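Residues per chain are reported as follows:
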Amino acid sequence: MPIETLSISEPFFTTRIVSEESSLEVHGKVIVLNLSETPIGIRDQKLAYLQSTVVRDVELRTLVHAVIVERFADYPDEAALFDEVKKAWPSAFEVRQEERLRGVSHYMSPKVWIGQFGFTFYHSGSVPLKVGLHRDHDFCPVPGFREVHTQIVGFGKMQQCREKDIDTLYLEEPMAPGSTHRPMFDADGNYPWHQFETITPSIFMTVEMLPEGATPPQ
């Protein structure tokens, strides 16, 4: 089906996967992330592969594969939103059992796989977050795993380091609502040491992309 609504971000946001649509009218402010190598047209602008932006009351053209997040700007009291999110979503440590997440104010929605694409929302509740530098994704044994993160609410920064030590930081990208960091992976799916760090309490969306031959984890 060309437009599929995901339940994982409800009741806080409405998230839709749009496929093979020649045009789509959006109303109000929404975040759009392009998951296709075919650019999305926005009036005289083009949104390239793995780029995202905020749009409002406009026609989007040539949506081969995209994510649209609605209602992200509907929360004048973000602290109240975060309180409700913490009641609805378990801690990331509880779900993933990664030692680097123990005791960290980091919460996650359910994850859903649609084909080779996995979608999850995360709430990072403390400043600083200290989620821990990492570069491996053990659930994907096949080379070529890719992922990006799109900021939904609040502000953060994606950090890349030469070693597993924040003092070896060499690249830091600010993350504001509607922004997606540049891809970090190389052609074989290798990553530098990296982490998301909060500037304010935040919510972001992770999109994981499995290579051909890999099976989504159960």
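Note that the structure is predicted; figures quoted are calculated from it, not measured.

**Q** Help me understand the sheet that holds strand S12 (residues 193–198) in this model?
**A** One key point about sheets: their strands pair by backbone hydrogen bonds, in either a parallel or an antiparallel sense. With respect to topology, 3 strands assemble into an open sheet ordered S11-S10-S12, the strand pairing being antiparallel. Strand pairing shows two members of the sheet lacking a second neighbour, strand S11 (169–175) and S12, which therefore form its edges. Direction aside, neighbouring strands of the sheet carry axes that sit 20° apart on average. Note: strand S10 (residues 156–161) against S11, 6 bridges, orientation antiparallel. Within S11, the position partnered with Cys161 by the bridge is Leu169.

**Q** Please clarify how unusual backbone geometry should be interpreted in this entry.
**A** It is generally the case that most residues other than glycine have a negative phi and that most peptide bonds are trans. Between Glu10 and Pro11 the backbone carries a cis peptide bond, its omega angle lying at 5°. Mapped onto the elements, Pro11 comes out in the loop between strand S1 (3–6) and strand S2 (14–34). Cis peptide bonds are those with omega within 30 degrees of zero, and the linkage from Val127 to Pro128 qualifies with 0°. Mapping Pro128 onto the fold places it in the loop between strand S8 (117–124) and strand S9 (146–153).

**Q** For this particular structure, what's the right way to read the sheet that holds S2?
**A** What the 5 strands build is an open sheet, ordered S1-S2-S5-S3-S4; its pairing is antiparallel. Unpaired on one side and paired on the other, S1 and strand S4 (45–47) mark the two borders of the sheet. Strand-to-strand twist in this sheet, taken as the mean axis angle between neighbours without regard to direction, amounts to 30°. Pairing analysis gives 3 bridges linking strand S3 (residues 40–42) to S4, with the strands arranged antiparallel.

**Q** Help me understand helix H1 (residues 78–88) in this model?
**A** Note: α-helices contain 3.6 residues per turn, so residues at a spacing of three or four share the same orientation. Of the positions making up H1, those classed as buried are Leu81, Phe82 and Val85. Seen from one end, H1 has its buried residues packed into an arc of 95°, which puts them on one side. Sitting at the amino-terminal end of H1 is Asp77, which places a side-chain oxygen 3.3 Å from the backbone nitrogen of Ala79.

**Q** Even after reading the chapter, I still don't get the nonpolar core, so can you show me in this structure?
**A** One broad trend across soluble globular proteins is that nonpolar side chains are buried collectively. Counting 46 residues, the largest nonpolar core has Phe13, Phe119, Phe121, Ile152, Ile203 and Val207 as the members making the most contacts within it. Elements that contribute at least two residues to this core include exactly S2, strand S5 (52–70), H1, helix H2 (92–96), strand S6 (106–108), S8, S9 and strand S13 (202–209). With 5 residues, S13 is the single largest residue contributor to this core. Residues within four places of Ile152 in sequence aside, it is in contact with Phe13, Ile31, Val69, Phe72, Phe121, Pro177, Ile203, Phe204 and Met205. Counting residues in each nonpolar core, the second largest holds 14 residues, with Val26, Val30, Val58 and Ile68 among its members.

**Q** Can you help me understand the pairing of S10 in this one?
**A** A regular strand carries its side chains on alternate faces of the sheet. By the criterion of burial, S10 is predominantly enclosed, with 5 of the 6 residues buried. Of the pairings in the sheet, the one linking S10 to S12 comprises 6 bridges and is antiparallel in character. Pairing of Met158 across the sheet is with Phe196, part of S12.

Conventions adopted
Within any chain, residue numbers begin from 1 and follow the written order of that chain's sequence. Given that the model is predicted, a residue must reach a pLDDT of at least 70 before its local features are reported, and side-chain atom pairs must reach 80 or more before they are shown or counted; all residues, however, enter totals for whole chains, interfaces and linings. To get the side-chain values, all heavy atoms of the structure are used, and hydrogens and water are removed first. Paired strands, as defined in this entry, are two strands with at least two bridges between them according to DSSP. In this description a helix means any DSSP run of H or I spanning at least four residues, a strand means any run of E spanning at least two, and both kinds are numbered starting from the N terminus. All axes here are fitted lines through C-alpha atoms, helices being fitted over the stretch that makes contact, and every angle between N-to-C directions spans 0 to 180 degrees. Under the scheme applied here, a residue whose accessible area is under 20% of the maximum for its type counts as buried, over 50% as exposed, and between as partly exposed, the area being computed with a 1.4 Å probe on protein chains only. Along the arc lie the directions from the helix axis toward the C-beta atoms. For this analysis, a polar contact is any N or O atom pair within 3.5 Å, provided that within protein one partner can donate a hydrogen and the other can accept it, and provided that sequence-adjacent residues contribute only side-chain to side-chain pairs. The set of buried Ala, Val, Leu, Ile, Met, Phe, Trp, Tyr and Cys residues whose side-chain atoms join them within 4.5 Å is what this entry labels a nonpolar core. Contacts between residues were defined by any pair of non-hydrogen atoms, one from each residue, lying within 4.5 Å.

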